[in-house]
Every structure is written in C-alpha cells, then in structure tokens.
Amino acid sequence: MAQQLNRSTANTMTARYFVPGPTWVRPEILQEMTRPMIGHRSNEFRDLFRRINADLKTLFDTTQTTFIVTASGTGVMQAALENCVARRVLVTTCGAFSERWYNIGESLGYEVDRQDADWGQAIDPDALADHLARHQRAHYDAVTITHNETSTGVTNDVPALIEVIRDEAPDALILVDAVSSLGGIPVEFDKWGADVCLASVQKAIALPPGITVVAVSDKAFERAKKHPYRGTYFDFLNYKKNADENSVPSTPSIPHFYALAAQLDHIIRGEGLEARYERHRRMREITHERTSRFAKLAVDPAHASATVSALNPIVPAATIRAEMKSRGYTLGGGYGQWADTTFRIGHMGDIPIADLEAMLEALAEVTRG
Ligand code: PLP
C-alpha cells in the first residue's frame, strides 16, 4: 500500500511531491540508478568520479577539494566536527537543523557555545560579532553556519557572517551546512572563504537520499592533520588522498554516483546554474503570492528561502495537508516547535514552475472552504 502510494505521488512524470526533502526525482534520474554495477577500483569508476568531481567544483564554485561521502548529511556534519574541532566550537542556531550541530558537538564531548536567533529569524551578523568579541578567550576551533534552515525556511547571509568571523576569530574554521541550498541557491565556497561545506543530495540537487557532497579548504585539511584520532570512515584526509586519484576510500553507493553524474550534467549544462537559481527565486515568489490569502509567511520576509516556505495558515495545517493528500499532493509538515502551527512547501530541486502552479491552485481550492 505504502509502495503504491509512493508510486502515485513521488515518482510520476509531473511533480506532486512538495516536501522539503527528499524532493521529487525525475524518472530519468531514477532510471540512471538501475545501471549495471562497476567496481569502485575500475577505470570506469575513475572516469565517472572525474566527471562528477569537475562538476561539483562548478556547483560549489571552488578550485579546492571536493568529494562524495556515502552517508546522509548528518554523518558529514559529524565528520566536519571530528576533523576540524579539537576542543571548542561555536554553533549559530535559528531552527532545528542548525541546532543539530549543537547536539552532535555535545555528543562528541566538545565544549559547545551557541549564538541563537529566534525561529523565523536569520542569524544577525552584529549579534555574532558581539558574541565573538565577548568570547575572545574562547579560541573557537570552528564556527558552524546553516546556509538554509529547512525547519523555518530562512536563508542566512553566509558572506556577512563569515566576514564577521574572519574579523573577530580569524583562526576559527567555518563549517557550512548547505543541505537545502546547494543546487537551488548560489553557494560560493572560495569567494565566501568557507572551510567545509556539505550538502545531502535529496534536496535541491533532487536525487534520492543516500550520499552527501562536500567541499573542504586546504586550511581545513591542515587542521585535520593535527587531530590524530579522526576515525576511519569519515577521515577527510583519506577522502582527499583518494579524490586526488579520482577514487573513494571504501565501497560507495555506485547507483547514486550514476545518478549524480547525470544530474550534475543536467544542472550545469542542461538547465544552467543561473536559470536554476532564477527558477528557485521565482518559485518562492509564486508560493508567497498564491498563499497570502489564507496563510502568513512564518519567517522574516527579508530572509525567506528560495527552496522552502513555512506557512502559518488560517485553517488547521493538518487539515490542509490531509485535503491535499486526498488530491494526490504531498506537502511538508511543520517541524519541531512549529509542528502544529505551520506546514511547509518544498519548492526545490527539479520541480517545474507549471507543476508548482497546479499544486498552488489545488491548495487555493482546498482553503476556500
Ligand atoms: N541540515 C539541514 C539544513 C537539513 O534540512 C537536513 C535534513 O533535512 C539535515 C541537515 C540533515 O540531513 P540528512 O537528513 O541528510 O542527514
């Protein structure tokens, strides 16, 4: 039954699945995942890796190291901390996923400080500067930033935050979660001066979940060398050594590699990066316009995300989602402390504008009463 439901909603030719991850996957990409296996030490695999990694550098906008980890984003968040932090880390939080850095840091036994913004707000660069100035003696090994907070639909101003960190804590490495931005909102790894940037692929990159793409700065590798106990599976230096030879440390999810190669080709040479970012901005505008009669945007509009909108409806969110489900549309639920009061529309990945508009029309009917 669940299987049947999935087929009728998630894997159709038109997008009817508007959850902020996993997102709707184009049928031709699902097809890529059914190719025959190749050995991960074969020349075919090296060719595949080479193509993927060249495109990843374009997507992250970097000339530094990129690689792929067979794990979801949370695994690589943990890896980033394990490779980059010896003792102390500052976590900036504005929702449930930025908070995850805090929980992981604590579970690893680090001293974790936090700079919080209210749910629905972005991290304020001035407040961050103030925190860092007041904690000069803390000598943070790293500061974490969540580019796009998926639980609220807020996009943080990463360059402004990094500028502040560089001024106030120049030695701190900057770890950026781009899980629900990469592929939908521009990421400029080198220009920003970030040290680690990671993204699971089941959001704006629009692949099935299971792997995470990562960019790591030379500076972060130097820091990792100083940490003798980096573990095995998530050792960034091992990933770099292998990536330099178009390879991976251990057996990867090869079906995902096929799909990633095809999808990056589509993103970069098919749709084109600028057109893709513009489509996402347009999806945000259309979503805001067509829901304003029956729902209030739950966040500061100045930082409203181009990939996900959290909305505060005048009728119960659960009713709206159930009604939409009966029409074949799946919308995202509210998250964490907003679980009961909001619902979320994921407008990211490969969703065609026409499909978003069709869904919003059905949503307007459902809320007309
Ligand atoms: N960070 C953000 C911003 C997310 O939205 C998510 C998942 O939704 C994660 C991290 C965790 O990623 P994963 O579920 O791939 O472990």
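Residues numbered from 1 in each chain as written. Predicted model: local features only at pLDDT ≥ 70, side-chain atom pairs only at ≥ 80, totals over all residues. Heavy atoms only, no water.

(A) Representation of the overall build of the chain within the structure. Helices and strands together make up the secondary structure of the chain, namely 14 helices and 14 strands. For 369 residues, the compact-globule formula gives about 21 Å, and the C-alpha radius of gyration of the chain, at 20 Å, lands near that figure. Referenced to the eigenvectors of the C-alpha coordinate spread, the extents of the chain come out at roughly 60 × 55 × 35 Å. Within the span of the chain, comprising 369 residues, buried residues form 59% of the whole. A sequence separation of at least 24 residues applies to 71% of the contacts in the chain between residues at least 6 apart. Surface summary for the chain: the accessible area is close to 15000 Å², and the carbon and sulfur share equals 49%. Seen as two clouds, the 39 positive and the 46 negative side-chain charges of the chain have centres 4 Å apart. (Helix = DSSP H or I, 4+ residues; strand = E, 2+ residues; numbered from the N terminus. Rg over C-alpha atoms; globule rule 2.2 N^0.38 Å. Buried < 20%, exposed > 50% of the residue type's maximum accessible area, 1.4 Å probe, protein only. Contact = heavy atoms within 4.5 Å. Areas by Shrake-Rupley, 256 points an atom, 1.4 Å probe, with all protein chains shown as cover. Lys, Arg positive; Asp, Glu negative; His and termini not counted. Charge placed at Lys NZ, Arg CZ, Asp CG, Glu CD.)

(B) Representation of the site of the ligand in the model. Residues in contact with the ligand amount to 13 residues; listed here are only the nearest, S72, T74, T150, D177 and K203. Within the side chain of T150, an N or O atom sits 2.5 Å from an oxygen atom of the ligand. At a separation of 2.5 Å, an oxygen atom of the ligand approaches a polar side-chain atom of K203. Surface burial for the ligand is 90%, taken as the share of its 380 Å² of free accessible area covered by protein chains. The set of elements that each furnish at least two residues to the shell around the ligand consists of α4 (73-84) and α5 (96-107). Here the residues of the shell around the ligand are counted per class, giving 3 nonpolar, 7 polar and 3 charged. (Near = heavy atom within 4 Å. Polar contact = N/O pair within 3.5 Å; in protein donor to acceptor, adjacent residues only side chain to side chain. Nonpolar A, V, L, I, M, F, W, Y, C, P; charged D, E, K, R; others polar.)

(C) Representation of the pairing of strand β5 (residues 142-146). Most of β5 sits out of view: 5 of its 5 residues are buried. The side-chain alternation of β5 yields two buried faces, one formed by A142, T144 and T146 and the other by V143 and I145. As paired elements, strand β3 (residues 88-93) and β5 share 3 bridges and run parallel to each other. Bridge pairing in β5 links L90 to V143. Alignment of β5 against strand β8 (residues 173-177), held across 5 bridges, turns out to be parallel. (Pairing = 2+ DSSP bridges.)

(D) Looking closely at the packing of aromatic side chains. Evaluated as defined, the whole model comprises 8 aromatic pairs. Here F45 and F49 contribute two aromatic rings whose centre-to-centre distance is 6.4 Å and whose plane-to-plane angle is 45°, an arrangement assigned as tilted. Placement of the pair is F45 and F49 together in helix α3 (residues 43-60), with a separation of 4 residues, close to one helical turn. This pair shows no difference in class: F45 is buried, exactly as F49 is. Here the aromatic rings of F97 and Y335 are separated by 4.9 Å at their centres, their planes lie at 45°, and the arrangement is tilted. One end of the pair, F97, is in helix α5; the other, Y335, is in the loop between β13 (330-333) and β14 (343-346), with 238 residues separating them in the sequence. Of the residues examined, F97 reaches a relative accessible area of 16% and is grouped as buried. Note on Y335: relative accessible area 29%, which makes it partly exposed. Chaining the aromatic ring pairs together yields one cluster made of F45, F49 and F257. The residue whose ring lies beneath R35 is Y258, and the NZ or CZ to ring-centre distance is 5.8 Å. (Phe/Tyr/Trp six-rings, centres within 6.5 Å; stacked < 30°, edge-to-face > 60°. Lys NZ or Arg CZ within 6 Å of the ring centre and 35° of its normal.)

(E) Summary view of the environment of A304. Position of A304 relative to the elements: it lies in the loop between β11 (295-297) and β12 (308-313). Classification of A304 as buried rests on a relative accessible area of 5%. In the structure, A304 is positioned 183 residues away from Q121 in sequence and 9.2 Å away in space, judged by C-alpha atoms. Sequence-distant contacts of A304, that is, excluding residues within four places in its chain, are made with G153, T155, R284, H288, L297 and V299.

(F) Broad picture of unusual backbone geometry. Between G21 and P22 the backbone carries a cis peptide bond, its omega angle lying at -5°. Looking at where P22 falls in the secondary structure, it is placed in the loop between β1 (17-18) and α2 (27-32). One non-glycine residue, D61, lies in the positive phi region at around 60°. Look at D61 and you get partly exposed, because its relative accessible area is 39%.

Geometric values such as these leave the question of function open.
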